[in-house]
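# An overview of the molecular structure
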Amino acid sequence: MLAGRLFGLATDILREYDEFHVIQHLNEAIAISSQRTGAQAQQYSENARKLRTWAQDVIARGHLASYPIDIQKTLAESKYAMGLPSNIAKVILAGFPDDINKAISSAELRLYLDLATTTKAELSSTNVVAKAFKIDRINIPPNEVSFDLIIPRRLFDSRAQLYIEILEKFVRIMTYIEELATGTRRSPTLVYTSTSDPVTGLAVVYAAGWAFLRFYKLALEVADKQLSLLKTIREFRASSLGPVPEIEERTNSIVENALSDAVDAAVSSVPPKVEGERLNEIKIALTKDAKAVVKYVADGARVAITLESLSNIQEVFKDIPNVSREKVDEVLNTTSLLEQRVEQSLILLGQPEPSLITMERTKTS
């Protein structure tokens, strides 16, 4: 992970610790759990309700859950996973039911207090070190939204030319979409590159960012449809029902039509600043490159709004007509579910399958 992003991640977690007063509420929870006998027990119900209300607020308003999937995996696999504010809140929510006899013990809560205290202290140390080395958070150009483009190494088998070819398809689509949104031909801004499975940060203007986010969601829908068809064909072949020529013959047209609809929907998601012949040229070019991108997405390539832009998401899309925070959250949530479905399909299929739609490849020497 980029050092600047690690610094930003630690800062975000510490901010939630302070915003939600996690340590303070854990101490209150320990006191309530310890006072469950005699006259003090009469206050349990009200105190437990207040703790549950606090926990629900942390879970609802904490923004770590909206991080890109690769960062969420990093957090989940780290030693700090159970010390995250949202996970502490889930323990509190489950640990203080209405029945006083089923409440979590103060001894167990002290373990979580120790965990939270250690997590906060170590992350604070990380920030001290980052500042000492003058490591800053990743900065996104003004009025632009950045995306992580994650290309698994298995897609290009460590061959630089093939990696460039894959990257170029995504960059061209972002360029076309930016022209649609602004009327100006401009390549996206390169923000950073990193890690063994290459992650490239690319930024575009706000309006183009919304259209590209919509395009990626629609590409996932086409990939999901494509993989579902593959599973159906495989299941028929493995059964005693015989061949499935009709499904196989219609597969290309089904996916082609879904892809065409996806491009139309992405183009219409922002008022185009180009028209006439150029608008038609862009749609044709988008459709051509989208064929390749859908294959890459089906095979594991991923796009995500970076956590740096997520922290500013309200500002990013506020001036785009008919785009509310709720609509953005809906697209992000649907995208996450589609990514999970595509991942599950890949697991069931056993390996990435060749694309069902024909894609033009750049010839390499």
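Quick note: structure is the one above.
In short, a report on the structure.

## As for the overall build of the protein chain
Each helix and strand in the protein chain was counted, giving 13 helices and four strands. Counting all 365 residues of the protein chain, 47% fall into the buried class. Sequence separation of at least 24 residues holds for 81% of the intrachain contacts in the protein chain that already meet a minimum separation of 6. If you sum the accessible surface of the protein chain, you get close to 18400 Å²; carbon and sulfur atoms cover 51% of it. Within the protein chain, the 47 negative side-chain charges are centred at a point lying 1 Å from the centre of the 43 positive side-chain charges.

## Things to note about the environment of Lys288
Its place among the elements puts Lys288 in helix H10 (residues 276-298). Owing to a relative accessible area of 48%, Lys288 belongs among the partly exposed residues under this scheme.

## Topic: the sheet that holds strand S3 (residues 199-205)
If you walk across this open sheet you meet the four strands as S2-S3-S1-S4, and the pairing is antiparallel. Of all strands in the sheet, those bounded by a partner on one side alone are strand S2 (189-194) and strand S4 (302-305). In this sheet, adjacent strand axes meet at a mean angle of 25 degrees when their direction is disregarded. The sheet contact formed by strand S1 (residues 144-150) and S4 spans four bridges and is antiparallel. Across the sheet, Phe147 pairs through a bridge with Ile305, a residue of S4.

## Observations concerning the packing of helix H8 (residues 206-238) against H10
Close contact between H8 and H10 brings their axes to 9 Å; oriented N to C, the two are set at 70 degrees. Comparing their axes, H10 and H8 come out roughly perpendicular. Here H8 runs over H10; the crossing is right-handed. For the pair H8 and H10, the contacting residues are Phe215, Tyr216, Ala219, Leu220, Val222, Ala223, Gln226 and Leu227 in the first and Ala290, Val293, Val294, Val297 and Ala298 in the second. In the contact of H8 with H10, the residues fall into twelve nonpolar, one polar and no charged.

About the criteria used
- Residues numbered from 1 in each chain as written.
- Predicted model: local features only at pLDDT ≥ 70, side-chain atom pairs only at ≥ 80, totals over all residues.
- Heavy atoms only, no water.
- Helix = DSSP H or I, 4+ residues; strand = E, 2+ residues; numbered from the N terminus.
- Buried < 20%, exposed > 50% of the residue type's maximum accessible area, 1.4 Å probe, protein only.
- Contact = heavy atoms within 4.5 Å.
- Areas by Shrake-Rupley, 256 points an atom, 1.4 Å probe, with all protein chains shown as cover.
- Lys, Arg positive; Asp, Glu negative; His and termini not counted.
- Charge placed at Lys NZ, Arg CZ, Asp CG, Glu CD.
- Pairing = 2+ DSSP bridges.
- Axes fitted to C-alpha atoms, helices over the stretch in contact; angles between N-to-C directions.
- Parallel < 35°, antiparallel > 145°, perpendicular 65-115°, else oblique.
- Left-handed = near helix turned anticlockwise from the far one by under 90°.
- Nonpolar A, V, L, I, M, F, W, Y, C, P; charged D, E, K, R; others polar.

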